[in-house]
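# Chains, contacts and geometry: an overview
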Amino acid sequence: MTALLELQDLKVHFPGRGGRSAPVTRAVDGVSLTIHQGETVAVVGESGCGKSTTGNAALGLAPVTGGRILFEGRDLATLRPAERRALWQQMQVVFQDPVSALNPRMSIARSIAEPLVINGWPADKVRARVDELMELVGLNPDQRDRRPTALSGGQRQRVVIARALALSPKLVICDEPVSALDVSIQSQILNLLLRLQRDLGLSYLFISHDLSVVRHIADRVCVMYLGIVVEEGPVTEVFAHPHHPYTRALISAIPRPDVSRRDRGSRILLKGDLPSPLNPPPGCPFSTRCPKAMPECSAARPPLEQIGKDRQVRCIAPD
Ligand SMILES: Nc1ncnc2c1ncn2[C@@H]1O[C@H](COP(=O)(O)OP(=O)(O)OP(=O)(O)O)[C@@H](O)[C@H]1O
Ligand code: SF4
Ligand SMILES: [Mg+2]
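Not measured: the values here are computed from a predicted model.

## Describing empty space enclosed by the protein
If you roll a probe as big as a water molecule over the atoms, it shows you where there is empty space left. For the structure shown, the criterion picks out 2 cavities of 30 Å³ or more. The computed volume of the largest cavity comes to approximately 100 Å³. Tallied by class, the residues present in the lining of the largest cavity amount to 10 nonpolar, 2 polar and 1 charged. Its volume calculated, the second largest cavity comes out at about 30 Å³. Contributing to the lining of the second largest cavity are V94, I161, L165, V172, L193, L196, L202 and Y204. For the lining of the second largest cavity, the elements supplying multiple residues, two or more each, are α6 (153-165) and α7 (183-200).

In structure tokens, the structure reads:
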């Protein structure tokens, strides 16, 4: 399989307020991940762990402090601006909130057409492409003149997806794409994303805090904690046998209405809050909350180590 997007030791540090001596926010602090063509890689973790910043950096929406971003083997930092812009057309994004993503004064056809118009498509081709895109995402082209306010939340997210697909990207970064939707609508949108992937050969970087959703949609999962990846591997294997104590805790918290309370196993409750990325704990960043923490965990950040064929874990005493 061809590697479509590769992040190599990506770092995004935001400068602190109050001059050069102010502490920086280490939003992303050395993330490596690879997405192959046709694959869905999920990034999961608590609020503030750096999921969106990782996606935004790939899209050129967050400043890269260190590391490399490669798309089809080409390092974005070494490209001329025009080449980089052309490459970014291959990477589109769907954010969580379709309300703020769409201009309420524009018809949905105009919103979908925007990237085509910006790229100089002639009017007749734009109209035909918009109709095609609306049908592709399950919208009736007769609704083209409606405003977003006349649509349901699920329909609005379909409009956002249609717009993201307008220029036929290879990769779509989905940042919590169903979190703002009712549960009944969530599965419709997830199934739409799966169908589009099958029909168009798309790849997804799928950012979510909801592990049930990730289990449904992703091939591989990267678990992030305080700006770093603590575990990575195929979804089925990571969910069945989590190696990192943080992954175990996240998985133990997934609601399982299909399983009786007795068979669900006990939920692992983590003590304390996520530490601030302004001042991460020394050594293993999870040491302040880890049920297995030992004094040696605070000595140095554990490396991300290969376990088996295609699993990686960052812990000195993995399960
Ligand atoms: N533009 C910015 N300037 C300064 N700090 C930022 C900026 N964007 C994000 N951060 C900080 O970087 C860290 C990671 O934020 P990010 O939005 O990537 O987290 P997240 O995992 O997507 O969280 P959520 O699940 O809430 O969306 C947070 O501490 C956040 O406050
Ligand atoms: S290195 Fe130590 S603190 Fe970190 S996850 Fe492993 S056992 Fe827990
Ligand atoms: Mg986010």
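Once the structure has been displayed, the description carries forward.
## Quick look at the UniProt feature "domain: ABC transporter" (unreviewed entry) in the chain
According to UniProt, the feature "domain: ABC transporter" (unreviewed entry) maps to residues 5-251 in the numbering used here. Helix makes up 39% of residues 5-251 and strand 25%, with an end-to-end C-alpha separation of 27 Å.

## Overview of the site of ligand 2
All residues adjacent to ligand 2 are H244, P245, C284, F286, S287, C290, K292, A293, C297, P302, C315 and I316. Among the detected pockets, ligand 2 sits in the largest cavity. Taken together, the residues of the shell around ligand 2 sort by class into 9 nonpolar, 2 polar and 1 charged.

## Some words on the nonpolar core
One finds V130, I161, F206, V214, V221 and F239 to be the most contacted residues of the largest nonpolar core, which totals 58 residues. With 6 residues, the top contributor of residues to this core is α6. Shared between two domains, this core holds at least three residues of each, these being domain 1 (3-90 + 171-183 + 191-313) and domain 2 (103-168). Beyond its immediate sequence surroundings of up to four residues, V130 is in contact with A109, I112, A113, L116 and R144. If you look at the next biggest cluster of nonpolar residues, it comprises 29 residues, including L59, A62, L79 and M91.

## Examining unusual backbone geometry
At D9, a residue that is not glycine, the phi angle is positive and equals roughly 50 degrees. Topologically, D9 is positioned in strand β1 (residues 3-14). A positive phi angle, close to 50 degrees, is found at S168, a residue other than glycine. If you trace the backbone, S168 turns up in the loop between α6 and β7 (171-175). Under the relative-accessibility criterion, S168 is labelled partly exposed at 49%.

## Quick look at the site of ligand 1
Around ligand 1, the neighbouring residues are F14, T25, A27, E46, S47, G48, C49, G50, K51, S52, T53 and P277. Within the complex, 59% of the 640 Å² of free accessible area of ligand 1 lies under protein. Class assignment of the residues belonging to the shell around ligand 1 gives a composition of 4 nonpolar, 6 polar and 2 charged.

## Examining the packing of aromatic side chains
Ring pairs (aromatic) are described by centroid distance and by the angle formed between their planes. For the structure on display, the rule yields 3 aromatic pairs. Seen in terms of ring centroids, Y225 and Y246 are 4.7 Å apart; in terms of plane orientation they differ by 65 degrees. Their pairing is edge-to-face. With Y225 in strand β9 (residues 220-225) and Y246 in helix α10 (residues 245-252), this residue pair connects regions lying 21 residues apart in the sequence. When its relative accessible area of 0% is taken as the criterion, Y225 is described as buried. You can call Y246 buried: its relative accessible area is 0%. An aromatic cluster is defined as three or more aromatic residues linked by ring pairs; in this entry it consists of Y225, Y246 and F286.

## Structural notes on the environment of V230
Turning to its location among the elements, V230 is positioned in strand β10 (residues 228-234). Overall, the relative accessible area of 2% leaves V230 in the buried class.

## Digging into the layout of surface pockets
Here the largest pocket defines a volume of roughly 540 Å³. In terms of residue count, strand β6 (residues 91-94) provides more of the lining of the largest pocket than any other element does, 4 residues in total. For the lining of the largest pocket, the domains that each give at least three residues are domain 1 (3-90 + 171-183 + 191-313) and domain 2 (103-168).

## Here we look at the sheet that holds β1
The sheet built from 4 strands is open, its strands ordered β2-β1-β4-β5 with antiparallel pairing. Sheet topology places β2 (25-36) and β5 (74-75) at the edges, where each strand pairs with a single neighbour. Sitting on the sheet, helix α1 (residues 51-58) touches β1, β2 and β4 (66-71), and the angle it makes with β1 is about 115 degrees.

## Concerning the domain arrangement of the chain
Segmentation of the chain into domains returns domain 1 (3-90 + 171-183 + 191-313) and domain 2 (103-168). Spacing between the C-alpha centres of domain 1 and domain 2 amounts to 30 Å. Taken together, the 11 residues of domain 1 in the interface contact 11 residues of domain 2. Of the roughly 870 Å² buried where domain 1 meets domain 2, counting both sides, 68% is carbon and sulfur surface.

Conventions used here
Residues numbered from 1 in each chain as written. Chains lettered and ligands numbered in written order. Predicted model: local features only at pLDDT ≥ 70, side-chain atom pairs only at ≥ 80, totals over all residues. Heavy atoms only, no water. 1 Å grid on protein atoms, 1.4 Å probe; cavity = no way out; pocket = protein on both sides within 12 Å on 5 of 7 lines; lining within 4 Å. Points joined across faces, edges and corners; volume = space filled by probe spheres on them. Nonpolar A, V, L, I, M, F, W, Y, C, P; charged D, E, K, R; others polar. Helix = DSSP H or I, 4+ residues; strand = E, 2+ residues; numbered from the N terminus. UniProt positions renumbered as here; feature names shortened; annotations may be inferred. Near = heavy atom within 4 Å. Sits in = over half its atoms within 2 Å of the grid points. Core = buried A, V, L, I, M, F, W, Y, C linked by side-chain atoms within 4.5 Å. Buried < 20%, exposed > 50% of the residue type's maximum accessible area, 1.4 Å probe, protein only. Domains from an automatic or database assignment. Contact = heavy atoms within 4.5 Å. Areas by Shrake-Rupley, 256 points an atom, 1.4 Å probe, with all protein chains shown as cover. Phe/Tyr/Trp six-rings, centres within 6.5 Å; stacked < 30°, edge-to-face > 60°. Pairing = 2+ DSSP bridges. Axes fitted to C-alpha atoms, helices over the stretch in contact; angles between N-to-C directions. Buried area = accessible area lost by both parts, 1.4 Å probe.

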